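Coordinates in review
Residue strings, one per chain:
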Amino acid sequence: MTDRYAVIGNPVAHSKSPLIHAAFARQTAQDISYERLLAPLHDFVGTLRQFRIDGGRGANVTVPFKEEAWRLADTRTPRAQLAQAANTLVFTDAGIHADNTDGAGLVTDILQNIGYALSGRRILLMGAGGAARGVIAPLLAEHPALLVIVNRTVIRANALQHQFSPYGIVEACDYAALRGMQFDCIINATSASLSGELAPLPDGIFAPGSLAYDMMYGNAPTPFLRYAASHGAGSCADGLGMLVEQAAAAFELWRGVRPDTLPVIKQLRSL
Ligand code: ATR
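Given the structure is predicted, the values throughout are model-derived calculations rather than measurements.

On to the domain arrangement of the protein, then. What the domain assignment reports for the protein is domain 1 (3-100 + 242-269) and domain 2 (103-238). Centre-to-centre, using C-alpha coordinates, domain 1 lies 25 Å away from domain 2. Opposite the 16 residues of domain 1 that make contact, domain 2 presents 19 residues. Taking both partners together, domain 1 and domain 2 bury about 1,300 Å²; carbon and sulfur atoms supply 58% of that area. In terms of surface lost to domain 2, no three residues of domain 1 exceed Leu82, Met242 and Glu245, which account for 47% of the buried area on that side. Between arginine 269 and aspartate 238 there is a salt bridge; the shortest N-O distance is 2.9 Å. Across the domain 1-domain 2 interface, the total number found is five residue pairs in polar contact (both at pLDDT 80 or more). At the level of secondary structure, the elements contributing two or more residues to the side of domain 1 that touches domain 2 comprise helix H4 (78-83), helix H9 (240-255) and helix H10 (262-269). Looking at the side of domain 1 that touches domain 2, the element that brings in the most residues is H9, giving four residues.

Here's what the structure looks like:
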């Protein structure tokens, strides 16, 4: 019998996850189906419960339900616990198990696909919302020289610094305090790109050879990546590779087999 999986979100029509998981399933000869499920904003739980009753084996969770998914799970991986959000659920006889593969997806994309080592580097993480929180521990696990969290509302960055300082060298500041600093890797985890905006980075922030990474992706470069390309970044990357890598980690959790991500990233780029 075909095992059912789904991505649950609102909105969800734009999600590329069904395409990605269909490609993984073909590649690894796994008999699965993977659909999009639009949950009402006030009834994520009901949608999830119905999908389980209908035979679902697991689900990906996207905006705006990742925190809720994490809260309602019966068990959680340590990385989901740190992220306080879940993007991957596994349904078992014992209940709902939550994981968060977003941070691992980002780090795998940077290290393996882009080929940029993070160990000993100065990393700037822009944003202090759920997207930022989910990637901090996996970034710190790479032993950067320093991780600075910058946010418009500095109090949110301070809270993350406080939470994650046991795991590495973390600082927090607002954008004005970045003047005169340089970073080897600047990661945009703000939602500014969504509205075509750009956070106020000071001139000279990109060190020679630095990597600019936007966790968002789209058909055209984001405002952040356009800024980076014209202000000294050595290379630029959008979040498509992260999307495929987080999916691969979820697929491996569900099916016990690791798919090959590069052909799938290539396929999505050509669409
Ligand atoms: P998510 O879960 O996607 O991270 P969020 O919790 O709403 O969403 O967080 C959005 C992040 O983008 C925040 O860090 C926000 O900064 P504030 O906390 O100061 O609001 C940041 N952000 C959104 N628009 C921005 C902009 N135009 N410039 C700078 N930061 C922006």
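Next comes the rest of the account.
What follows covers the side chain of asparagine 188. With respect to the secondary-structure elements, asparagine 188 resides in strand S10 (residues 183-188). Those residues in contact with asparagine 188 that lie beyond four places of it in its chain are Met126, Ser193, Tyr213, Asp214, Met215 and Phe224.

Before going further, it helps to examine the sheet that holds S10. With parallel pairing, six strands are arranged side by side in an open sheet as S9-S8-S7-S10-S11-S12. The open sheet has two edge strands with one neighbour each: strand S9 (170-173) and strand S12 (235-237). On average, adjacent strands in this sheet sit at an angle of 20 degrees to one another, irrespective of strand direction. With five bridges connecting them, strand S7 (residues 122-126) and strand S8 (residues 146-150) associate as parallel partners.

Within the structure, the ligand sits among 14 residues, and Asn151, Arg152, Thr153, Arg156 and Glu197 are positioned closest to it. Threonine 153 places a polar side-chain atom, nitrogen or oxygen, 2.5 Å from an oxygen atom of the ligand. Glutamate 197 is positioned with one of its side-chain polar atoms (N or O) 2.6 Å from a nitrogen atom of the ligand. Against a free-state accessible area of 650 Å², the protein chains account for coverage of 75% of the ligand. Here the shell around the ligand is composed, by residue class, of four nonpolar, seven polar and three charged.

Cut-offs used in this document
Residues numbered from 1 in each chain as written. Predicted model: local features only at pLDDT ≥ 70, side-chain atom pairs only at ≥ 80, totals over all residues. Heavy atoms only, no water. Domains from an automatic or database assignment. Contact = heavy atoms within 4.5 Å. Buried area = accessible area lost by both parts, 1.4 Å probe. Salt bridge = Lys/Arg side-chain N within 4 Å of Asp/Glu carboxyl O. Polar contact = N/O pair within 3.5 Å; in protein donor to acceptor, adjacent residues only side chain to side chain. Helix = DSSP H or I, 4+ residues; strand = E, 2+ residues; numbered from the N terminus. Pairing = 2+ DSSP bridges. Axes fitted to C-alpha atoms, helices over the stretch in contact; angles between N-to-C directions. Near = heavy atom within 4 Å. Areas by Shrake-Rupley, 256 points an atom, 1.4 Å probe, with all protein chains shown as cover. Nonpolar A, V, L, I, M, F, W, Y, C, P; charged D, E, K, R; others polar.

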